[in-house]
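Read off the chains here:
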Amino acid sequence: MSGHIVSPKLYYGIFAALLVLTAATTGAARFDLGPMNVVIALAIAGCKALLVALFFMHVRYSKPLVWVAAASGLLWLAIMLALTLTDYYSREWFPAPRGW
Amino acid sequence: MSDPRVSEARGALAHHFDDLEQQHDAATLGMWVFLVTEIMFFGGLFLGYTVYRWKYPHIFADASRHLDTTIGAVNTAVLLASSLTMALAVHAAQTSRRRALVGLLLATMLLGSVFLGVKAYEYRDKYVHHLVPGVDFVYEPGARPQLQIFFLFYFFMTGMHALHMVIGIGLLGVIAALAWRGRYGADYYNPVEVTGLYWHFVDIVWIFLFPLLYLIGAHL
Amino acid sequence: MSTAVTETPAPPLESREHYLNVHYGVKSWLLTTDHKRIALLYLVTITLFFFVGGAFAVLMRLELMTPRGDLVQAETYNKLFTMHGLIMVFFFLIPSIPAVLGNFLVPMMIGARDLAFPKLNLLSWYIFVAGGTLALVSAISGGVDTGWTFYTPYSSTYSNTHVIVMGLGVFIAGFSSILTGLNFIVTIHTMRAPGLTWFRLPLFIWSTYATSLIIILGTPVLAITIVLLALERLLRVGIFDPALGGDPILFQHMFWFYSHPAVYIMILPGMGVISELVTAFSRKRVFGYSFVAFASLAIAVLGFLVWGHHMFVSSQSVYAGLVFSVLSFMVAIPSAVKVFNWTATLYRGSISYQTPMLYAFGFIGLFTLGGLTGLFLASLAIDVHVTDTYFVVAHFHYIMVGGMVMAYLGGIHYWWPKISGRMYPEVWARFSALVIFAGFNLTFFPQFILGYLGMPRRYWAYPEEFQVLNVMSTAGASILGLGYLIPMIYLVWSMRYGRPAPDNPWRATGLEWTTPSPPPTENFDAPPIVTEEAYTYSKEEPELV
């Protein structure tokens, strides 16, 4: 049966990176960077998630179909968020005319 | 190399599959498809969170300061460690090391339980401070009504996450018991792998929950 | 073994072992993991729900015969249309073709012995029964009156009906749907017979695959939405609560994110059936096979981008409405592509008018009408006038009943010989197909006019001038109901007294027709090897009589 065996050393390395990133995001939150706070937080979270997915979940070593499945889930979440936000974002653009 | 008679003896190949590789591919793809449904399930909560944080950024920041960032960070580390032990457990199964496999599965369960214990402590703390919507919520002087929306999301999202962890610990228990009986080895370890996928996914959800719930407004 | 078409003589049913007689007894059915038996379990269950949903419709149409509300009270009428919608959508239409025909045919069409996860398949049925039971409990306890759409804040705060129980029933049934979709996706990816590449698959498989994608990506959002609704009712406070600064429209976004793609869950499998019927009964390969295959995927993807067209007048931003309107026009395109391709398949084909083909013709005409009226609704300016009127009701019934239910019946008839080993009585079958077609149009065409003239939906009383059209609609409904009863009688009758069916009564292509009727439990003695495209009909084939 096929199955890629990843060396434990790599796992320890990824774990260390994850801890560093956790410390980084906690630390970065203490500074007021305006809108960049949430961007940085999400970027770091995205990196952590990517490390877990690629190495702990073996996506790096998996068939393209697995990549497509994982990517589709994320894409659909993005679609749901983006299209819904078009409503909330644009509601203020067009205040109701007087007399309504 | 793997001896097909061993896997046959383990009763590993289901009758409707042609060979173990097909079975392995099917099970792995099946778990990934299930995880896609989980992305969309949690996604609904993330959608609601995004809408309300966008609408009420300052109230959300205010509310987030009621959460203890240090506890959250430490708990995050605990959960990440459980993902490490889970990945190592899969490795142990792949290299037919039964004792290591069982030990690492139990370690994962233990770390998961520690995480849940810390969450229980946090929940109790919120209860004591009258911050549980629908149960004992009391607004502090000057607080806006939307404060409750933040806490609704806090409890719904971490609660749903915790529920998934409880299920995961249960699954790990079953796998650990079967592993103890020698069910898994280099020729057949798919169930361990697939449980690992589920566990790592639950970890990823927390990786996003931590900054979104705990780290807003931490700079003030 | 290639997919060449042969007519083999029918061996006596009782002397051969097949999936129906291999084990007897209730336990052998309730604990089966055979996809074919599970398909039949679903068939029985969803037929039951069809009756329940139909009963609510009967009461509604009786009330609507007279302009005043005089049969039931207004609150009761609210419960009637709510329960009719909920039962028909979640417990009949969504499972129908996938759970019955999909479960039966997917492994057979790809040359497999079963689905990827047979035990999960059985669990899926039990979960469906559990959800359905809760729905019936809710109905018997007095039902729900929120409309099948459960809009907040009425459903979360003000309604005094059994919302949580019903919501739980729908939530649970959703998991049944998810597991079925999961099973299909994995099966189609990993268990195709040697030589069966994606572009040699029957189009029913493409449609089923596309449907499964929608199920996987959409249903979980409905699940979480129902959970949030239930929690808001239980806690008396929630994220949709305006008193907290919550937005009831967020509920609508989340609800329709699933429920619009849900209508494609309901129609795509029907389209898959129609592709099979049109090719078999014109003895001609489907025109533009790859276009039809890609159109299925396109419908699945685009279907997720249009949900806001249910919310044009909800206080959703006009700009978002614009975006959703444009996308809604685009989603019509792949459906139109399919209709063109079916029509082109018919052109210069050797057409025969067996019952399944009559249903296929009905589908093509009625679905097209329903689909075109969808374009009216996609247009913002028109929608403002006809939204929440009978125009919308007629639109979706043309697609779901004129389209989907006809495709379901066409498919049931087409594969009935394979499923039961018996032929149905052709004369009665054609008669009831025509009765259904006539009854359907009499029921729902007047509703287009009623809606355009301004009669709102979900109203229990209406102005006098609408009575004639309403009476026509009710008359049509009684004919339609009769039309549905007849097949139920003769199909059951045929299981005992029908003519034993040959392996391939239609001389159609497809791996399912290479097995005996009914098939053995394992479907195939040896995995078939596929060397040809689908639908290899040749011009020299004699016509089917």
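Everything here concerns the structure above.
Here is what the cut-offs are and how they apply
Residues numbered from 1 in each chain as written. Chains lettered and ligands numbered in written order. Predicted model: local features only at pLDDT ≥ 70, side-chain atom pairs only at ≥ 80, totals over all residues. Helix = DSSP H or I, 4+ residues; strand = E, 2+ residues; numbered from the N terminus. Buried ≥ 20, exposed ≤ 12 C-beta atoms within 10 Å, placed from the backbone. Contact = placed C-beta atoms within 7 Å. Expected span 1.5 Å × (residues − 1). Nonpolar A, V, L, I, M, F, W, Y, C, P; charged D, E, K, R; others polar. Core = buried A, V, L, I, M, F, W, Y, C linked by C-beta atoms within 7 Å.

With respect to the overall build of chain B
Right, so step 1: Scanning chain B from N- to C-terminus turns up 7 helices and 0 strands.
Right, so step 2: The helix and strand sequence of chain B, counted from the amino end, reads α-α-α-α-α-α-α.
Right, so step 3: Residue burial in chain B is summarised as follows: out of 220 residues, 54% are buried.
Right, so step 4: By sequence separation, contacts in chain B at least 24 residues apart represent 77% of the contacts at least 6 residues apart.

Re helix α7 (residues 190–214) of chain B
Right, so step 1: Here α7(B) is 25 residues long and its end C-alpha atoms lie 36 Å apart, about the 36 Å a rise of 1.5 Å per residue gives.
Right, so step 2: Of all 25 residues making up α7(B), 24 are buried, and the element is well covered by its neighbours.

A look at the interface of chain C and chain B
Right, so step 1: The interface is formed by 31 residues belonging to chain C together with 26 residues belonging to chain B.
Right, so step 2: For the side of chain C that touches chain B, the secondary-structure elements that each account for two or more residues are α7 (163–190), α8 (203–235) and α9 (248–282) of chain C.
Right, so step 3: Across the side of chain C that touches chain B, the residue classes break down as 22 nonpolar, 6 polar and 3 charged.

A few points about the interface of chain B and chain A
Right, so step 1: Across the contact, 38 residues belong to chain B and 38 residues belong to chain A.
Right, so step 2: At the level of elements, α2 (20–55), α4 (69–94) and α7 of chain B are the ones that each hand at least two residues to the side of chain B that touches chain A.
Right, so step 3: No other element matches the 15 residues that α2(B) contributes to the side of chain B that touches chain A.
Right, so step 4: Each residue belonging to the side of chain B that touches chain A can be placed in one class, and the counts come to 24 nonpolar, 11 polar and 3 charged.

Some points on the nonpolar core
Right, so step 1: Of all hydrophobic cores here, the largest spans 286 residues; its most connected members are B:A89, B:L105, C:I274 and C:A360.
Right, so step 2: The dominant element in this core, judged by the number of residues it contributes, is α9(C), at 21 residues.
Right, so step 3: Leave out the neighbours within four places in its chain, and B:A89 touches B:L101, B:L104, B:L105, B:T108, B:V192 and B:G196.

Thoughts on the environment of B:Y56
Right, so step 1: Tracing the chain through its elements places B:Y56 in the loop between α2 and α3 (57–64).
Right, so step 2: Taking the number of C-beta atoms within 10 Å as the measure of exposure, B:Y56 has 19 and is therefore partly exposed.
Right, so step 3: Taking the C-alpha atoms as reference points, B:Y56 and B:Q146, separated by 90 residues in sequence, lie 7.6 Å from one another.
Right, so step 4: Discounting residues that sit within four places of it in the chain, B:Y56 has contacts with B:Q146 and C:G245.

Some details on helix α2 (residues 36–56) of chain A
Right, so step 1: For α2(A), with 21 residues, the first-to-last C-alpha span of 29 Å sits near the 30 Å given by 1.5 Å per residue.
Right, so step 2: Among all positions in α2(A), only A:N37, A:A41, A:I44, A:A45, A:K48, A:L51, A:V52, A:A53, A:F55 and A:F56 are buried.
Right, so step 3: The elements touched by buried residues of α2(A) are α1 (8–28) and α3 (64–90) of chain A together with α4 and α7 of chain B.
Right, so step 4: Remark: A:H58 follows α2(A) within two positions and exhibits a positive phi of approximately 65 degrees.

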